[in-house]
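Summary of the model geometry
So you can see what is in the structure, the chains are spelled out below.
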Amino acid sequence: MKKNKRSAYFRRMTAAIMAGILCIQLTGCQSAGMDDANQISEKKEPIQMSEHNTNAVQQAGQNMEAAMPKPVDFSVDDYESWNKLRDENEISEEFREALKQFAFRSGSQILKQERENANYSPLSLYYALALAGCGAKGETAAEIQNCLGIQSQEELASQCGKLYQRFYYDEQRIKKEYEEYGEGEYKSTIQLANSLWIAPQLGVKKEYQQMAAQQFFASSYLADFTKEETGKQMGEWIAKQTKGVLSPKIQTDPQTMMSILNTLYFYGSWQQPFQESLTQEDEFTLEDGSKVSCPYLNQTDGQGSFQRGDGYTLSYLDTNNWCKMVFLLPDEGKKVSEFFNTPEDLDRALDMDSKNWISGKVTWKIPKFSFGSSMKELPDSLKAMGMERMFTDKAEFNGISDQPLWVSEVIQETHIAIDEQGVEGAAYTMMAMAGCAMYQPELEAEMILDRPFLFGIRDSSSGAWLFLGVCRNPAEE
């Protein structure tokens, strides 16, 4: 793309934030006696967060650094090298399909239980389950792999690593382009981060830590879960990875043996920002027929895309980092919950690969909203998806440790907001393991989102759904 064209293109871009966090806590039977455990705790304090030890792994006095994607220094016009790097990190069609099916299976299970505004991050949950699943054995491993759609732990780890690097290198490339064309600092990103927090009395296998470091780029920290300071350090790690968008207060459980944290940070902007001068107050009709007042973003896109399905209209807005925020508006008289009753319903409704897309005029009227949601019933959803054994004392996480471990709790908290410039959001999940042209009417769509609607954010390159949610009341926080 020539410089003048790129300049015109980038001047339409602004910034927004999306962040996601996943925390898996694992507790287990402490095979060492309490006296021994206390002695170990006295000798090894939790790792203190600093720039110098962010990637440190400390186990039995041995340090190990998590791998990072290899640095590259290609010129902007070295298309051959950039394209080769992209090809090397191209995810398989099997993995692409697995991510999609997991998003719809988990999304339908989770969202249908919510009666108010809800937001959920399928990709963050997927990565945390994958990291835990790569340390599972026997029936536990089979259940997790079946749910994640990949039957080989090696392939699962490899594909997760490739997607991680794909996001990383795509960002490096566009940063170079910004520098080359004098467009200033490029702030948009899709950024994944993982870490392991390990109790000193848990004998974590070195092979598992190496796999986590090399395939999931996961840092590891020795952690005393009997101390409040550990929860504070975990919260600080999350805040750092999400650039301060999220700063949760994590309450640690003395029975916790290991925590797996995943963060997903997204920062993007509408390719065509909304003009603040066009933002107007109007009414939004709730499901019970009552009305609330809220500000609406207004815009007309003469070259938009949409499709009309059975009882709904679907369209999307592009962000400047190859993502789309998708909006599904039910027809009058249809409830938004009808579209996620089953995974198949959600798949049909959000079919981005459909050949039924129409190019034409799209009139947008989107309520500005900002809300959070807390999901504490995720174990029920995961059990319904076939992952039952990991919640019992029969769970086999022998690849992580020879000590018994099982999942005792899964929680996700999220935040989502949109305004004239873009979209901002955050997700936090905790999973605990215990144990021992010419105007034509048919080419026009009105996305007047003045009643409950479904939304999602999808990475166009990988097809991964970063977030799925439903807005039932934009006036609620």
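Treat the numbers as computed from the prediction; the structure is a model and nothing was measured.

1. Describing the packing of helix 4 (residues 93-111) against helix 5 (residues 122-133)
It is the contact of helix 4 with helix 5, at a shortest axis distance of 10 Å, that shows an interaxial angle of 110°. Taken together, the axes of helix 4 and helix 5 are roughly perpendicular relative to one another. At the point where helix 4 passes helix 5, the crossing takes the right-handed sense. Only Pro-122, Leu-123, Leu-125, Tyr-126 and Leu-129 of helix 5 make contact with helix 4, whose side of the interface consists of Phe-95, Ala-98, Leu-99, Phe-102, Ala-103 and Ser-106. For the contact of helix 4 with helix 5, the class distribution of residues is 10 nonpolar, 1 polar and no charged.

2. Some remarks on unusual backbone geometry
Although it is not a glycine, Phe-217 sits at a positive phi angle of roughly 55°. Along the chain, Phe-217 turns up in the loop between helix 8 (206-215) and strand 6 (218-222). For Lys-243, which is not glycine, the phi dihedral falls at a positive 55°. Positionally, Lys-243 belongs in the loop between helix 9 (228-241) and strand 7 (256-267).

3. Examining the packing of aromatic side chains
Using the criterion set out here, one finds 17 aromatic pairs in the structure. Taken together, a centroid distance of 6.0 Å and an interplanar angle of 55° make the contact between Phe-104 and Trp-465 tilted. You'll find Phe-104 and Trp-465 in the same group, each marked buried. Put simply, the rings of Phe-327, Trp-364, Phe-369, Phe-371, Phe-453 and Phe-455 pair up and form one aromatic cluster. It is Lys-243 that lies over the ring of Tyr-265; its NZ or CZ is 5.0 Å from the centre. Its end group placed over the ring of Phe-391, Lys-383 keeps NZ or CZ at 5.3 Å from the ring centre.

4. Observations concerning the pattern of salt bridges
A full pass over the atoms with the stated rule returns 22 salt bridges. Arg-458 is paired through a salt bridge with Asp-353; the nearest N and O atoms lie 3.8 Å apart. By relative accessible area, Asp-353 is classed as exposed at 56%. Each of Arg-86, Glu-90, Glu-93, Arg-96, Arg-166 and Asp-170 takes part in a single network of salt bridges with overlapping partners.

5. Brief notes about the packing of helix 5 against helix 7 (residues 153-180)
Relative placement of two packed helices is described by the angle separating their axes and the distance separating the axes. Where helix 5 meets helix 7, the closest approach of the two axes is 10 Å, and the angle between their N-to-C directions is 140°. Classified by the angle between their axes, helix 5 and helix 7 sit oblique to one another. Along this stretch, helix 5 crosses helix 7, giving a crossing that reads as left-handed. Here Leu-123, Tyr-126, Tyr-127, Ala-130 and Gly-133 of helix 5 lie close against helix 7, whose contacting residues are Gln-153, Leu-156, Cys-160, Leu-163, Tyr-164 and Phe-167.

6. Considerations on helix 7
An ideal rise of 1.5 Å per residue puts 40 Å on 28 residues; helix 7 measures up with 41 Å between its terminal C-alpha atoms. Positioned one or two residues after helix 7, Gly-182 has a phi angle of 65°, which is positive.

7. What about the nonpolar core?
Ranked by size, the top nonpolar core spans 110 residues in total, and within it Leu-123, Tyr-126, Phe-216, Phe-327, Leu-350 and Phe-397 carry the most contacts. If we skip the residues at most four places from it in the chain, Tyr-126 touches Phe-95, Ala-98, Leu-99, Phe-102, Leu-148, Ile-150, Leu-156 and Cys-160. Core analysis: the second largest hydrophobic core is formed by 12 residues, Ala-193, Trp-197, Met-234 and Leu-261 among them.

Criteria and thresholds
- Residues numbered from 1 in each chain as written.
- Predicted model: local features only at pLDDT ≥ 70, side-chain atom pairs only at ≥ 80, totals over all residues.
- Heavy atoms only, no water.
- Axes fitted to C-alpha atoms, helices over the stretch in contact; angles between N-to-C directions.
- Helix = DSSP H or I, 4+ residues; strand = E, 2+ residues; numbered from the N terminus.
- Parallel < 35°, antiparallel > 145°, perpendicular 65-115°, else oblique.
- Left-handed = near helix turned anticlockwise from the far one by under 90°.
- Contact = heavy atoms within 4.5 Å.
- Nonpolar A, V, L, I, M, F, W, Y, C, P; charged D, E, K, R; others polar.
- Phe/Tyr/Trp six-rings, centres within 6.5 Å; stacked < 30°, edge-to-face > 60°.
- Buried < 20%, exposed > 50% of the residue type's maximum accessible area, 1.4 Å probe, protein only.
- Lys NZ or Arg CZ within 6 Å of the ring centre and 35° of its normal.
- Salt bridge = Lys/Arg side-chain N within 4 Å of Asp/Glu carboxyl O.
- Expected span 1.5 Å × (residues − 1).
- Core = buried A, V, L, I, M, F, W, Y, C linked by side-chain atoms within 4.5 Å.

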